[in-house]
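Spelled out, the chains give:
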Amino acid sequence: VRRVTQGGVVSRVAGNYGAAGSAFGDALDSARFDAPIDVAVAANDDIFVLDAANRTISKISPGANGRDTVSLVAASFDDPRALALDEAGNLYVAEGTLQQIVRIRPSGERSVIAGQAGVTGFAPGVLPGALAMPALAGLVQSADNIVSLKVRNNRLLMTMEKGIVQISPLPQ
């Protein structure tokens, strides 16, 4: 995992290139990832990493003596594809094969907030049961909602916090 500053300076934050695996601890010496495909950065600069091959979410946090540490946040996903974080510290994971969006509260509690396992298509309405989603490709979080970008159908799905789903076409 690398950090790029606004000035274009690139630095390694955690893991080692070419050393795949799943390990936690000191970010530069011990931590290992296999396929880190998405990150979300909290207001306090904690970095959450979605590792698709290990099916985990890890957190990179400031540690003692200026050394970052990596810890396990959640595991046992089926096919994690994208990650988002809201202002309350809730993480959202797009589960590709299951066609679901899962919320993970800071307490660790998990709940499906959108989608039905294995069901594809669009059915707007009250969450979670009314929505079936195709090929989740990415999540983007904004102040009041979570946006899940659909690649396969050329549609944009907006999941609002009040539990109502709106579907809009992607801008050309």
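Residues numbered from 1 in each chain as written. Predicted model: local features only at pLDDT ≥ 70, side-chain atom pairs only at ≥ 80, totals over all residues. Heavy atoms only, no water.

A. Examining the sheet that holds strand β3 (residues 25-26) more closely. Taken together, the five strands give an open sheet; going across it, the order is β3-β7-β6-β5-β4, and neighbouring strands pair in antiparallel fashion. The two strands at the open ends of the sheet, each matched to only one other strand, are β3 and β4 (36-41). Summarising the sheet, strand β5 (residues 47-51) and strand β6 (residues 56-61) pair through five bridges and their orientation is antiparallel. From the neighbouring strand, Leu50 faces β6, where its bridge partner is Ile57. (Pairing = 2+ DSSP bridges. Helix = DSSP H or I, 4+ residues; strand = E, 2+ residues; numbered from the N terminus.)

B. Structural detail: unusual backbone geometry. You will see that Asp45, though not glycine, has its phi angle at about 75°, which is positive. Note on placement: Asp45 falls in the loop between β4 and β5. You will see that Arg55, though not glycine, has its phi angle at about 60°, which is positive. Locating Arg55 in the fold gives a position in the loop between β5 and β6.

C. Structural view of the nonpolar core. Judged by nonpolar contacts, the single largest core of 13 residues is most densely connected at Phe48, Ile57, Leu83, Leu91 and Ile104. Those elements that provide at least two residues to this core are β5, β8 (80-85), β9 (91-95) and β10 (100-104). Sequence-distant contacts of Ile104, that is, excluding residues within four places in its chain, are made with Ile57, Ala74, Phe77, Gly89, Asn90, Leu91, Val93, Glu109 and Arg110. (Core = buried A, V, L, I, M, F, W, Y, C linked by side-chain atoms within 4.5 Å. Buried < 20%, exposed > 50% of the residue type's maximum accessible area, 1.4 Å probe, protein only. Contact = heavy atoms within 4.5 Å.)

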